[in-house]
Amino acid sequence: MILAFGDSLTAGFGVEPEQAFPARLEAYLRAKGVAVRVRNGGVSGDTTAGGRARLDWALADKPRFAIVELGANDALRAIDPKVAEDNLDAILSALDAHGVKVLLAGMVAPPNLGRDYDQAFDGMYARLAARHHVMLYPFFLDGVAADPALNQPDGMHPNPKGVEIIVERMAPYVEKLVRGE
C-alpha cells in the first residue's frame, strides 16, 4: 500500500473523491500493471506541523510506501522554512523508522515572500531528500501551477485535468519507488 500523505492537493479539494490524486494515481498504476492500493492521507489546510502531529494515525495501516506532499500551506502562511524543514525531517525520520520507502514531493514558495524566503523554502526539499536518501519529485504541481485551464477558480487547486497531468508526470517516480529502483 502507498500512503499519499499531504494537504488539500492530495486530499482532492474541490474534486470528487474518484478524481483526487490518490484515486487517479492508483488507477493509472493499475492500468500499467502495478498492482498497488493508494490510500488518501490528505487533509485540506494541513501544514507540515499538522502532518507531523497526525503521522502515527496515518501509519496505522502499515504502508510500505509513502508520497509526502506537504509544505504549500506553510508557505502560504509564511511559516519559517526552518520550522517546515524540521517538521518534514521528523516525518521522514518516522517513516524510515517504520521501514516505509518515501517519495518526497517538493513545493515552490509563492514569489511574494521574497528571495531569501524562496531560497530557504524551495531548497529544503532537496536537502531533506539527500539527508534521508529518499527520491525527490521536485515540484508536485509541475506543469499545472498557474495554468487556469488546469486549476479550479481559486488558482491553487488542480481541477480533474490538472490532477491527470500531475499523475502522468509523477507516476514514473512512483513506479521506481515501488519497484525499488
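To start, this report covers the structure provided alongside it. (Residues numbered from 1 in each chain as written. Predicted model: local features only at pLDDT ≥ 70, side-chain atom pairs only at ≥ 80, totals over all residues. Heavy atoms only, no water.)

**Here we look at the overall build of the protein chain**
Right, on to step 1. Broken down by element type, the protein chain carries seven helices and five strands.
Right, on to step 2. Sequence-ordered secondary structure for the protein chain, helices as α and strands as β, is β-α-α-β-α-β-α-α-β-α-β-α.
Right, on to step 3. Relative to the 2.2 N^0.38 estimate, which gives 16 Å for 181 residues, the radius of gyration of the protein chain is 15 Å and therefore close to what a compact globule would have.
Right, on to step 4. Each principal axis of the C-alpha atoms in the protein chain carries an extent, and together these give about 45 × 40 × 25 Å.
Right, on to step 5. Evaluated residue by residue, the protein chain yields a buried proportion of 49% over its 181 residues. (Helix = DSSP H or I, 4+ residues; strand = E, 2+ residues; numbered from the N terminus. Rg over C-alpha atoms; globule rule 2.2 N^0.38 Å. Buried < 20%, exposed > 50% of the residue type's maximum accessible area, 1.4 Å probe, protein only.)

**Some words on the sheet that holds strand S2 (residues 38-42)**
Right, on to step 1. One open sheet accounts for five strands, arranged S2-S1-S3-S4-S5; its pairing is parallel. Edge strands, defined here as strands with exactly one partner in the open sheet, are S2 and strand S5 (135-137). Taken pair by pair, the neighbouring strands of this sheet meet at an average axis angle of 20 degrees, ignoring direction.
Right, on to step 2. Judged from the five bridges that link them, strand S1 (residues 2-6) and strand S3 (residues 65-69) form a sheet pairing that is parallel. Within the sheet, the bridge partner assigned to Gly6 lies in S3 and is Glu69.
Right, on to step 3. Contacting S1, S2 and S3, helix H2 (residues 21-31) crosses the sheet at an angle of about 160 degrees to S2.
Right, on to step 4. In the packing of helix H3 (residues 48-58) onto the sheet, contacts are made with S1 and S2, and the angle to S1 comes to roughly 160 degrees. (Pairing = 2+ DSSP bridges. Axes fitted to C-alpha atoms, helices over the stretch in contact; angles between N-to-C directions. Contact = heavy atoms within 4.5 Å.)

**Notes on the layout of surface pockets**
A probe as big as a water molecule, rolled over the atoms, marks out the empty space that is left.
Right, on to step 1. By volume, the largest pocket is sized at about 420 Å³.
Right, on to step 2. Around the largest pocket, the lining is made up of 22 residues, and of these Leu9, Ala72, Leu76, Leu141 and Met156 lie nearest the centre.
Right, on to step 3. Contributions of two or more residues to the lining of the largest pocket are made by helix H1 (8-11) and helix H4 (72-76).
Right, on to step 4. Taken together, the residues of the lining of the largest pocket break down into 15 nonpolar, six polar and one charged.
Right, on to step 5. Of the voids in this model, the second largest pocket is the one considered here, and its volume is about 250 Å³.
Right, on to step 6. In this structure, the second largest pocket is lined by 16 residues; those nearest its centre are Lys101, Val102, His133, Val134 and Leu177. (1 Å grid on protein atoms, 1.4 Å probe; cavity = no way out; pocket = protein on both sides within 12 Å on 5 of 7 lines; lining within 4 Å. Points joined across faces, edges and corners; volume = space filled by probe spheres on them. Nonpolar A, V, L, I, M, F, W, Y, C, P; charged D, E, K, R; others polar.)

**Looking at the environment of Asp118**
Right, on to step 1. Mapped onto the elements of the fold, Asp118 is located in helix H6 (residues 115-132).
Right, on to step 2. Separated by 10 residues in the primary sequence, Asp118 and Val108 place their C-alpha atoms 7.4 Å from one another.
Right, on to step 3. Dropping the residues within four chain positions of it, Asp118 is found in contact with Ala109, Pro110, Pro111, Leu113 and Gly123.

**Notes on the environment of Leu177**
Right, on to step 1. Relative to the helices and strands, Leu177 resides in helix H7 (residues 160-179).
Right, on to step 2. Since its relative accessible area comes to 8%, Leu177 is described here as buried.
Right, on to step 3. Sequence separation of Leu177 and Pro148 is 29 residues, and the distance between their C-alpha atoms is 31 Å.
Right, on to step 4. Excluding residues that lie within four positions of it along the chain, Leu177 makes contacts with Phe65, Ala66, Lys101, Val102, Leu103 and Met135.

**Let's talk about the packing of H2 against H7**
Right, on to step 1. Between H2 and H7, the shortest axis-to-axis distance is 9 Å and the interhelical angle comes to 55 degrees. Taken together, H2 and H7 sit at an angle that is classed as oblique. You can see that H2 and H7 cross each other, and the crossing is right-handed. Of H7, the residues touching H2 (which contributes Phe21, Arg24, Leu25, Tyr28 and Leu29) are Val163, Glu164, Ile166, Val167, Glu168, Met170, Ala171, Val174 and Glu175.
Right, on to step 2. Looking at the contact of H2 with H7 residue by residue, the class counts come to 10 nonpolar, no polar and four charged. (Parallel < 35°, antiparallel > 145°, perpendicular 65-115°, else oblique. Left-handed = near helix turned anticlockwise from the far one by under 90°.)

**Quick look at the pairing of S1**
Right, on to step 1. Counting buried residues in S1 gives five out of five residues, a clear majority hidden from the surface.
Right, on to step 2. Where S1 meets S2, five bridges bridge the pair, whose relative direction is parallel. Paired with Phe5 across the two strands is Gly41, which belongs to S2.

These values are about where atoms sit, not about what they do.
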